[in-house]
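Listed below are the residues making up each chain.
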Amino acid sequence: MARVRLSVAERREELLRAAVEQIEARGVTAVRISDVASALGVSNALVLYHFSTKEQLVGAAFSHAAEGDLARLRQLLGRRSTAVRRLRAAVRWYAPTGQAKGWRLWIEGWAASLRDPELREVAASLDREWKAALARVIAEGVAAGEFRCADPTAAAWRLTAFLDGLAVQTTAYAGSLSRATLLRWADAALARELGLDLPEETRGGAPDEDGTREGDRARDHGGPEEPPGP
């Protein structure tokens, strides 16, 4: 069966999606041009026609992933709803249990960017846009009288730092915390930043996926549920 002939833009999109998948599976250091080519059943030469070096391909793959995440963030924050509802949707999506970012991909990117200036700028640009977008909606909520926040930019920094840290922990130690617990913590972090009362389910009243409640587990195990150590 003959291969469908793709336009230059379509081929580039296909290569970038494959590169993202291979980076997630193999890591930035180990991934090769041939891995991307093999995944699509094309030649190395075709990949190199579009991206002259591995570094260029990796940088473009991270930019591609970042743009996809930012587009979804803008959609969530641009809804016609209260600032609180929009922020909660964005925070829950960004959290390690949501659909934002393949967290393994971004942890790989953060590590590699320590030695790759181009990749560092891609990651830093995404981080700046996330923080700025959250800060804008927090400021909108303050202006509308929904809540009080003295420094929306600082609040956005604290929220993303907290969620990034959870993502590293839960990616490195898979299964260490339940999805319900992570979402409660994300909701609680947002409520604290906005000076809002915690929802009932955030106080530990909602059952986890296994049907138990956080307080029940604490009694069963002799103490509160603790996050994994370093």
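About the cut-offs
Here the residue numbers are simple positions, counted from 1 along each chain's written sequence. Whole-chain, interface and lining totals are the exception, using all residues; otherwise, since this is a predicted model, local features are given only for residues with pLDDT of at least 70 and side-chain atom pairs are given and counted only at 80 or more. Note: side-chain values were computed over all heavy atoms of the structure, leaving out hydrogens and water. Every helix listed is a DSSP run of H or I at least four residues long, and every strand listed is a run of E at least two residues long, numbered separately from the N terminus. The buried label goes to any residue with under 20% of its type's maximum accessible area, the exposed label to any with over 50%, and the partly exposed label to all in between, with areas taken from a 1.4 Å probe on protein chains only. Residues are treated as being in contact if the distance between any of their heavy atoms lies within 4.5 Å. Here the accessible surface of atoms and residues is derived via Shrake-Rupley with a 1.4 Å probe, and residues count as covered only by protein chains that are part of the display. Every angle, taken between N-to-C directions, lies between 0 and 180 degrees, and every axis is a line fitted to C-alpha atoms, over only the stretch in contact when it is a helix. Angle categories: roughly parallel below 35 degrees, roughly antiparallel above 145, roughly perpendicular from 65 to 115, and oblique for all the rest. By convention, the crossing between two helices is left-handed when the near helix turns anticlockwise from the far helix through less than a right angle, and right-handed when the turn is clockwise. Three classes are used, and their members are as follows: Ala, Val, Leu, Ile, Met, Phe, Trp, Tyr, Cys and Pro are nonpolar, Asp, Glu, Lys and Arg are charged, and the others, Gly among them, are polar. Only Phe, Tyr and Trp rings are paired, with Trp represented by its six-membered ring, and only when their centres lie within 6.5 Å; those with planes under 30 degrees apart are stacked, over 60 edge-to-face, the remainder tilted. Note on criteria: charge over ring means Lys NZ or Arg CZ within 6 Å of the ring centre, with the direction from the centre no more than 35 degrees off the ring normal. The definition of a nonpolar core used throughout is a set of buried Ala, Val, Leu, Ile, Met, Phe, Trp, Tyr and Cys residues joined through side-chain atoms within 4.5 Å. In a helix, the anticipated span is given by 1.5 Å times the number of residues less one. By definition here, a salt bridge exists when the distance from a side-chain nitrogen of Lys or Arg to a carboxyl oxygen of Asp or Glu is within 4 Å.

**Q** Can you help me understand the overall build of the chain in this one?
**A** When helices and strands are counted, the chain shows 10 helices and 0 strands. Ordered by position from N to C terminus, the α and β elements of the chain give α-α-α-α-α-α-α-α-α-α. Residue burial in the chain is summarised as follows: out of 230 residues, 42% are buried. Residue pairs at least 24 apart in sequence account for 61% of intrachain contacts in the chain once pairs closer than 6 positions are excluded. Surface summary for the chain: the accessible area is close to 12,600 Å², and the carbon and sulfur share equals 52%.

**Q** Please clarify how the packing of helix α7 (residues 117-143) against helix α8 (residues 152-172) should be interpreted in this entry.
**A** In helix packing, the relevant descriptors are the interaxial angle and the interaxial distance, both defined with respect to the helix axes. One can describe the packing of α7 onto α8 by two numbers: an axis separation of 8 Å at closest approach and a directional angle of 130°. As far as their axial angle goes, α8 and α7 are oblique. For α7 against α8, the interelement crossing comes out right-handed. Packed against α7, whose contacting residues are Asp127, Lys131, Leu134, Ala135, Ile138 and Ala139, the element α8 presents Pro152, Thr153, Ala155, Ala156, Trp157, Thr160 and Asp164 at the interface. Of the residues contributing to the contact of α7 with α8, the split by class is 8 nonpolar, 2 polar and 3 charged.

**Q** Would you take a moment to explain the environment of Trp103 for this structure?
**A** In this fold, Trp103 is placed in helix α6 (residues 103-113). Judged by its relative accessible area of 6%, Trp103 falls in the buried class. C-alpha separation for the pair Trp103 and Glu24, spaced 79 residues apart in sequence, amounts to 8.7 Å. Contacts of Trp103, omitting those with residues within four sequence positions, involve Tyr94, Ala95, Pro96, Trp110, Asp164, Ala167 and Thr171.

**Q** Explain the packing of aromatic side chains here, please?
**A** Working definition: an aromatic ring pair is given by the centre-to-centre distance plus the angle between the planes. All told, the structure shown has 5 aromatic pairs when counted by the stated rule. When the ring of Tyr94 is compared with that of Trp103, the centres are 5.5 Å apart and the planes differ by 80°; the resulting orientation is edge-to-face. Grouping residues by exposure puts Tyr94 and Trp103 together as buried. The interplanar angle of 70° and the centroid separation of 4.3 Å between the aromatic rings of Tyr94 and Trp130 together place this pair among those described as edge-to-face. Here Trp130 lies in helix α7 and Tyr94 lies in helix α5 (residues 83-94), a separation of 36 residues in the sequence. Taken together through their ring pairs, the aromatic side chains of Trp93, Tyr94, Trp103, Trp110 and Trp130 make up a single cluster. When the ring centre of Trp157 is taken as origin, the NZ or CZ atom of Lys131, which lies over that ring, is 4.4 Å away.

**Q** Please clarify how the nonpolar core should be interpreted in this entry.
**A** Nonpolar side chains in soluble globular proteins generally cluster together in the buried interior. In terms of nonpolar packing, the biggest core is built from 57 residues, with Ile23, Leu57, Phe62, Leu73 and Leu87 touching the most fellow members. Among the elements of the structure, α1 (8-26), α2 (33-40), α4 (54-77), α5, α6, α7, α8 and α9 (179-194) are those that each provide at least two residues to this core. In terms of residues, this core owes the most to one element, α4, which gives 11 residues. Among residues more than four places away in sequence, those in contact with Ile23 are Val28, Val31, Val58, Ala61, Phe62, Leu105 and Glu108.

**Q** Even after reading the chapter, I still don't get the packing of α5 against α7, so can you show me in this structure?
**A** The interhelical angle for the contact between α5 and α7, taken along N-to-C directions, is 155°, at an axis separation of 9 Å. Taken together, the axis directions place α5 and α7 in an arrangement best described as roughly antiparallel. For the crossing formed where α5 meets α7, the hand is left-handed. Along the contact surface, α5 presents Ala83, Arg86, Leu87, Ala90, Trp93 and Tyr94, while α7 presents Trp130, Leu134, Val137, Ile138, Glu140 and Gly141.

**Q** Looking at this structure, how should I read α1?
**A** Since the α-helix advances by 3.6 residues per turn, residues separated by three or four positions end up pointing in the same direction. Between its terminal C-alpha atoms α1 stretches 26 Å, which fits the 27 Å expected from 19 residues at 1.5 Å a residue. For α1, the secondary structure elements touched by its buried residues are α2, α3 (44-50), α4 and α6.

**Q** Would you mind showing me how to read the pattern of salt bridges here?
**A** Oppositely charged side chains are able to pair whenever their charged atoms sit close together. Under the criterion given, the structure shown has 11 salt bridges. Note that Lys131 and Asp127 form a salt bridge whose closest N and O atoms lie 2.5 Å from each other. Highlighted residues: Lys131 and Asp127, both in helix α7, separated by 4 residues, approximately one helical turn. Each of Arg26, Arg32 and Asp35 takes part in one network of salt bridges that share partners.

**Q** Looking at this model, I keep getting lost on the side chain of Ser113. Mind explaining?
**A** Within the secondary structure, Ser113 sits in helix α6. Residue classification places Ser113 among the buried positions, given a relative accessible area of 8%. In contact with Ser113, not counting residues within four places along its chain, are Leu119 and Arg120.

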